Amino acid sequence: MPDGRTGYLPINSGKLFDEWKLNTIANASSIESVAKSLIGMPYLWGGTSIKGMDCSGFTKTVYMLNGIQLSRDANQQALEGNEIKTDTNFSQLRKGDLLFFGRKANKDKPEKIIHVGIYLDSGNVIHASGLVKINNLSPQADNYSERLRKTFICAKRILPEKLNILEVRKN
């Protein structure tokens, strides 16, 4: 255990990580399903468990449960994946993309990423802020977040393109 104690579990109730990962296929639907299962979990700075999680702990946990390891902090996660060029209606985004928020660069200060969430669809973003919840980037939506819209910096695609294409063809 992290605190030095020894713990036990029945041998048939666990798997080695590498074995488990081989049988895990990350796709947009599984990312969404895991993310939505965490709705209502409380915010806890530095947290990565059901006892509480912060924004980057949330995205790290969701992706980890889908076999993808992300860095710990939002500004580190922003360096991963492929950048997606976005317009004002966010039409290029796909379910499972990571959205990053913070302070845009200006002549006096550099850009600073301070928040991350997962794009779902139709402008919806699931993220940990107070608790895990869904907000929307469209001013017309009931769950609109002006703060998220105004502080949006960039989007990154973590899921492989081929999986997204296959999933779109299945639907």
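The model shown is predicted, which means the values in this text are computed figures rather than measured ones. (Residues numbered from 1 in each chain as written. Predicted model: local features only at pLDDT ≥ 70, side-chain atom pairs only at ≥ 80, totals over all residues. Heavy atoms only, no water.)

Turning our eyes to something else, we now look at helix H3 (residues 55-64). Side chains of residues three or four places apart in an α-helix project in the same direction, reflecting 3.6 residues per turn. For H3, a buried count of eight out of ten residues is recorded, marking the element as mostly surrounded by other parts of the structure. Those residues of H3 lying buried are Cys55, Ser56, Gly57, Phe58, Thr59, Thr61, Val62 and Tyr63. (Buried < 20%, exposed > 50% of the residue type's maximum accessible area, 1.4 Å probe, protein only. Helix = DSSP H or I, 4+ residues; strand = E, 2+ residues; numbered from the N terminus.)

To continue, consider the environment of alanine 155. On the secondary structure map, alanine 155 appears in strand S8 (residues 152-157). Of the residues examined, alanine 155 reaches a relative accessible area of 0% and is grouped as buried. Distance in space between the C-alpha atoms of alanine 155 and lysine 85 is 7.5 Å, their sequence separation being 70 residues. Not counting residues within four places of it along the chain, the set of residues in contact with alanine 155 comprises Asn82, Glu83, Ile84, Thr86, Leu93, Leu98 and Leu99. (Contact = heavy atoms within 4.5 Å.)

Here we take up the environment of lysine 133. For lysine 133, the location among the structural elements is in strand S7 (residues 131-136). Every residue in contact with lysine 133, bar those within four places of it in the chain, is listed here: Val125, Ile126 and His127. Polar contacts involving the side chain of lysine 133 include one to the main-chain carbonyl oxygen of serine 129, which spans 3.2 Å. (Polar contact = N/O pair within 3.5 Å; in protein donor to acceptor, adjacent residues only side chain to side chain.)

Listed in full, the buried residues belonging to helix H2 (residues 28-37) are Ala28, Ser30, Ile31, Glu32, Val34 and Ala35. Measuring from the backbone nitrogen of serine 29 back to the side-chain oxygen at the start of H2 gives 3.0 Å, which picks out asparagine 27 as the cap.

Following both chains from N to C, one finds H2 and H3 inclined at 130 degrees, their axes separated by 9 Å at the closest point. Here H2 is positioned oblique relative to H3, judged by the angle of their axes. Considering the relative orientation of H2 and H3, their crossing is right-handed. On H3, the residues touching Ile31, Val34 and Ala35 of H2 are Phe58, Val62 and Tyr63. (Axes fitted to C-alpha atoms, helices over the stretch in contact; angles between N-to-C directions. Parallel < 35°, antiparallel > 145°, perpendicular 65-115°, else oblique. Left-handed = near helix turned anticlockwise from the far one by under 90°.)

By volume, the largest pocket amounts to about 180 Å³. Every residue lining the largest pocket is listed: Tyr43, Trp45, Gly46, Asp54, Cys55, Ser56, Arg72, Asp73, Ala74, Asn75, Ile113 and Ile114. Put simply, the parts of the chain that give the lining of the largest pocket at least two residues each are H3, helix H4 (74-77) and strand S5 (112-119). Looking at the lining of the largest pocket, its residues break down into six nonpolar, three polar and three charged. (1 Å grid on protein atoms, 1.4 Å probe; cavity = no way out; pocket = protein on both sides within 12 Å on 5 of 7 lines; lining within 4 Å. Points joined across faces, edges and corners; volume = space filled by probe spheres on them. Nonpolar A, V, L, I, M, F, W, Y, C, P; charged D, E, K, R; others polar.)

What follows covers unusual backbone geometry. Of note, the phi angle at phenylalanine 90 is positive, near 60 degrees, even though the residue is not glycine. Here serine 122, not a glycine, exhibits a phi torsion of approximately 50 degrees, which is positive. Mapped onto the fold, serine 122 is located in the loop between S5 and strand S6 (124-129).

This part takes up the nonpolar core. Grouped together as the largest cluster of nonpolar side chains are 28 residues, with contacts concentrated most on Phe58, Val62, Tyr63, Leu98 and Ile118. Counting residues per element, the ones that place at least two in this core are H2, H3, strand S4 (98-103), S5, S6 and S8. Setting aside chain neighbours within four positions, we find tyrosine 63 in contact with Ile31, Ile68, Leu70, Gly96, Asp97, Leu98, Ile118, Ile158 and Leu159. Listed in part, the eleven residues of the second largest apolar core include Phe90, Tyr119, Leu137 and Phe152. (Core = buried A, V, L, I, M, F, W, Y, C linked by side-chain atoms within 4.5 Å.)

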